[in-house]
Amino acid sequence: IFKDTNIKRRKWWEQKAISIGIDPSSNQWISKTAKLIHPTMRKPCKKFGRIMDLRYSYPTKNLIKRIRKLPYVDESFEIYSLEHILKLIKRLVLQYGDKVYDDLPKLLTCKAVKNIPRLGNDLDTWLNWIDSVYIPSEPSMLSPGAMANPPDRLDGFHSLNECCRSHADRGRWEKNLRSFTTDRRAFEYWVDGDWVAADKLMGLIRTNEQIKKETCLNDNHPGPCSADHIGPISLGFVHRPEFQLLCNSCNSAKNNRMTFSDVQHLINAENNGEEVASWYCKHIWDLRKHDVKNNENALRLSKILRDNRHTAMFILSELLKDNHYLFLSTFLGLQYAERSVSFSNIKIENHIITGQISEQPRDTKYTEEQKARRMRIGFEALKSYIEKENRNALLVINDKIIDKINEIKNILQDIPDEYKLLNEKISEQFNSEEVSDELLRD
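Below or above, wherever it landed, is the structure these notes cover. (Residues numbered from 1 in each chain as written. Predicted model: local features only at pLDDT ≥ 70, side-chain atom pairs only at ≥ 80, totals over all residues. Heavy atoms only, no water.)

## With respect to a nonpolar patch on the surface
Link 1 in the chain: On the surface, a nonpolar cluster with roughly 360 Å² of combined accessible area is contributed by Trp12, Ile20, Leu36 and Ile37.
Link 2 in the chain: Within the secondary structure, Leu36 sits in helix α2 (residues 29–37).
Link 3 in the chain: For Leu36, a relative accessible area of 54% puts it in the exposed group. (Patch = residues over 30% accessible without salt bridge, like charges linked within 9 Å, V, L, I, M, F, W, Y side chains within 5 Å. Areas by Shrake-Rupley, 256 points an atom, 1.4 Å probe, with all protein chains shown as cover. Salt bridge = Lys/Arg side-chain N within 4 Å of Asp/Glu carboxyl O. Helix = DSSP H or I, 4+ residues; strand = E, 2+ residues; numbered from the N terminus. Buried < 20%, exposed > 50% of the residue type's maximum accessible area, 1.4 Å probe, protein only.)

## Points about the pattern of salt bridges
Link 1 in the chain: Scanning the model with the defined rule gives 22 salt bridges in all.
Link 2 in the chain: The salt bridge partner of Arg91 is Glu83, with a shortest N-O separation of 2.8 Å.
Link 3 in the chain: On the basis of relative accessibility, which here comes to 11%, the residue Glu83 falls in the buried class.
Link 4 in the chain: Between Asp228 and Lys254 there is a salt bridge, with the nearest N and O atoms lying 2.8 Å from each other. Residue Asp228 is found in strand β5 (residues 226–228), and its partner Lys254 is found in helix α11 (residues 248–254); the two are separated by 26 residues along the sequence.
Link 5 in the chain: Take Asp228: its relative accessible area is 4%, and that puts it in the buried class.

## Quick look at a positive patch on the surface
Link 1 in the chain: Together, Lys61, Lys65, Arg66 and Lys69 make up a positively charged patch on the protein surface.
Link 2 in the chain: With respect to the element layout, Lys65 can be found in helix α3 (residues 61–69). (Lys, Arg positive; Asp, Glu negative; His and termini not counted. Charge placed at Lys NZ, Arg CZ, Asp CG, Glu CD.)

Coordinates in, geometry out; function isn't part of it.
This is the structure we're talking about:
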């Protein structure tokens, strides 16, 4: 009964979008549909019942910082992130007078609304413009009362409003939000792949003016686009120099989910002699890849690989607890730092970017610096990954896996003395209060 439910829900939203005049191929069409069909644009929080505006109506940290920098605003003026922007502007004017009007364009300017009109010193005129023009533009200076989340949520919105998401939803805890970057490093550093070449190509995608003009794979959304791993590194696929171009919103929405076309592309890449699956996901990938016949199958495989990644990180962390740094460093691909790479004949076909790689041996101080930095960040990211409490992944553990971990530990106790000595030196560094790249190089 639950087969293909995600596809069915999405199909319903597509039909609803078309019925109200929204093109399902347009950018952010599904969240726009959820907002347009909502009867009141106000929603109570499931946890505390606070009713909030679903539009972008509440000040972000950046807007609050801008207000705090105004020379006449002192600490006595309290600013609440859950106060509606219309009430906040009204309080500013009431407390500080007409000088606020001159600063409103400076406060409100952002990428979505670059040209703020001069509306004089009339509060009602300003409030009407903010309500009817500024808020509907979804400016980055404001945030919504609740995040849209169709097709997963029945009414299209998260059940927790912004008033309590940051503390009721563990995934939104500040320490966990800060860990997203660390998580990415854990995924990237502990998979296989030529990370030097892949990072080089990602840099070109970010900086090359011609590439910035390329449109998104999904419905030609305007660029600049970001580099998306066709096989997500967060699922254990190789960090390799081939990316598809997705706009930021599409890349964020894809997250660690594969589509049917992603799976087919990866299989074709393997047929052409490329390695696409890293050491810890290859077995499951080989077992299940040919079972994927549609997007729903691809999503299920993504979830299996996500749980597998979580288990792999646990196994690595168990070895880390026993200070097997030298052995674990062999998974970090340090050898790739021993050459420099450049790209020529950059090719973009069907929004997928590749290039011809040229490489030269490199034996410089920077080589050792790169190795030391990669070790430091890799181990720090692994530690941080395990410390995070809330994981949307299942740890697959049983007696057989525990026995294998213990078997590896026993084998590592019998390594040659020279390796033991080197491992002790590395362990001493990582167990100190501050890890030094310079000492790791030595």
